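Coordinates in review
As a plain string of letters, each chain reads:
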Amino acid sequence: MYLGLDLGTSGVKALLIDAGQSIIGSGHASLEVSRPHPGWSEQNPVEWIRACEGAIAELKVSHPEQLAAVKGIGLSGQMHGATLLDAGDQVLRPCILWNDTRSHAEAAKLDADPRFRKLTGNIVFPGFTAPKLVWVKNNEPDIFAKLAKVLLPKDFLRLWLTGEHISEMSDSAGTSWLDVGKRDWSSDLLSATSLDEKQMPSLVEGTEKAGALRSELASKWGMQAGIPIAGGAGDNAASACGMGTVAAGQAFVSLGTSGVLFAANASYLPNPESAVHTFCHALPDTWHQMGVILSATDSLNWLSEISGKGAGELTAELGDTLKAPTGVSFLPYLSGERTPHNDSAIRGSFTGLAHESSRAVLTQAVLEGVAFAFRDSLEALAKVGTTLTRVTAIGGGSRSHYWLKAIATALGLPVDIPADGDFGAAFGAARLGLIAATGADPLRVCTAPATDATIEPVAALSNAYADAYQRYRLLYPAIKAATA
């Protein structure tokens, strides 16, 4: 058996798979987010341990024999969080999370230093780890003075599980301290934030062993002591391992709360100006790119809330046949936008509204607006030579075939729907645990799920969608100028 632990923002999931990668069972425990001030988002790392214990305890009740047979553990987690520890590994303050924007001024100042984009291949976003540490130095100097280690969320769990300070490439690439091409910490970037390598964890690849389970915890859970724990991955890279998106040309589109167009690469292909994320993958000598939409299904959920109709009811009103754009356009920038604008201040809009603009027309515009936001990410990837021939759809929004038809037509690419199963971050983490424990070939382990169906672009609407996309592209500068 192999165990995947995924530390998300809303909870911890523990997933058991067997040697044939069949899912045996899972456990879950919830987490809450604290928002003490506008734009702040924090969690107490002690709560991560509580949730992890709860998820594993659930597995111990339902699958005690299988849990006892675990031979490898993999970790996945929410990225970018700043977990600050003193010399005794005690937490100094609540972790500042990925969606915390308090350090926007610090991020802008670091991003103005050309070394950051050159070495990391990315814009320094407020959500990344480095600007958060500058904020702590500027606003909580007593805490900064006690700082001995900075860990990412899943690596704090690793410290508890193994007693070691270790991270891996995919998660560390989102800190703004990693030389992403060389896959190593940059002393220059650390120095620019008044830190050094002694305050960073050591680095391994996601498929490598990175510590072993402490005997105290093994005894508590009825497991063997010394079980190897894989380096693991940040949540998106772990999901890619679960989806088998690990080789050049493979890609998935994730329709979750936020949206991600994820493409695996065999080489380092940065394009920071387009706000595309270029990170190390969890597999050695592999990288990946992500275009990120901050409000994907969140856009439909927003319309659902104000219209008093469930998201499923709204999409059902459109039927199954894809319709031509109506002339009503929607910008899905309800909380700003990442790719391609890197604009936390921009907000969404409807344009082209008329008396005849029904609720169904608004729903259609929302689905098209998110589809066009994915097209923006596809265009950004194309600028650095990343060519995609198809994508696989995952996430809650992928249950809407109408939405997938809109995305396929907007992208001009077939969209594959995987067969039923759990291919998320916890599954990818379990796969990495299997690889670390057995030395198996990552490409033979991280295979793609069977395809249940493929949605092709609607050729008859390609010109209408192209025209609507051009209208969409013109709206951002116009709205930006009107609200500046």
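Quick look at the structure, then. (Residues numbered from 1 in each chain as written. Predicted model: local features only at pLDDT ≥ 70, side-chain atom pairs only at ≥ 80, totals over all residues. Heavy atoms only, no water.)

Points about the sheet that holds strand S23 (residues 415-418)
Strand order in the open sheet formed by seven strands is S18-S19-S17-S16-S22-S23-S24, with mixed pairing between adjacent strands. Two strands bound the open sheet, and with one partner strand each, they are strand S18 (277-280) and strand S24 (451-455). Across the sheet, the mean angle separating the axes of adjacent strands is 25° when strand polarity is ignored. By the bridge criterion, four bridges tie S23 to S24 in an arrangement that is antiparallel. Along S24, the bridge assignment pairs Asp416 with Thr454. (Pairing = 2+ DSSP bridges. Helix = DSSP H or I, 4+ residues; strand = E, 2+ residues; numbered from the N terminus. Axes fitted to C-alpha atoms, helices over the stretch in contact; angles between N-to-C directions.)

Comments concerning unusual backbone geometry
In this chain, Thr339 is followed by Pro340 through a cis amide linkage whose omega measures 5°. Here Pro340 shows up in the loop between strand S20 (329-331) and strand S21 (349-351). Even without a glycine there, the phi angle at His80 is positive, about 75°. Along the polypeptide, His80 turns up in the loop between strand S5 (72-77) and strand S6 (83-85). For His80, a relative accessible area of 10% gives the class buried. A positive phi angle, near 65°, is found at Asp89, a position not held by glycine. Within the fold, Asp89 resides in the loop between S6 and strand S7 (95-96). Residue Asp89 is classed as partly exposed on the basis of its relative accessible area of 26%. (Buried < 20%, exposed > 50% of the residue type's maximum accessible area, 1.4 Å probe, protein only.)

Some points on helix H14 (residues 359-382)
Three- or four-residue spacings in an α-helix give side chains the same orientation, since the helix completes a turn every 3.6 residues. The first and last C-alpha atoms of H14 sit 35 Å apart over 24 residues, in line with the 34 Å expected at 1.5 Å per residue. The buried count for H14 comes to 19 of 24 residues, which makes it a mostly enclosed element. (Expected span 1.5 Å × (residues − 1).)

Remarks on the environment of Pro449
Of note, Pro449 is situated in the loop between helix H17 (442-445) and S24. Separated by 318 residues in sequence, Pro449 and Pro131 have C-alpha atoms that sit 38 Å apart. Among residues more than four places away in sequence, those in contact with Pro449 are Met243, Pro418 and Phe423. (Contact = heavy atoms within 4.5 Å.)

Thoughts on the pairing of S5
Walk down a regular strand and you will see the side chains alternate between the two sheet faces. Here S5 lies mainly inside the structure; six of its six residues are buried. Residues Gly72, Gly74 and Ser76 of S5 are buried on one face, and the alternating residues Ile73, Leu75 and Gly77, pointing to the opposite face, are buried as well. Across six bridges, strand S1 (residues 2-7) lies against S5 in parallel orientation. Within the sheet, the bridge partner assigned to Leu5 lies in S5 and is Leu75. Pairing analysis gives two bridges linking S5 to strand S15 (residues 233-234), with the strands arranged parallel. Directly across from Gly77, in S15, lies its bridge partner Gly234.

Nothing here speaks to function; it is geometry throughout.
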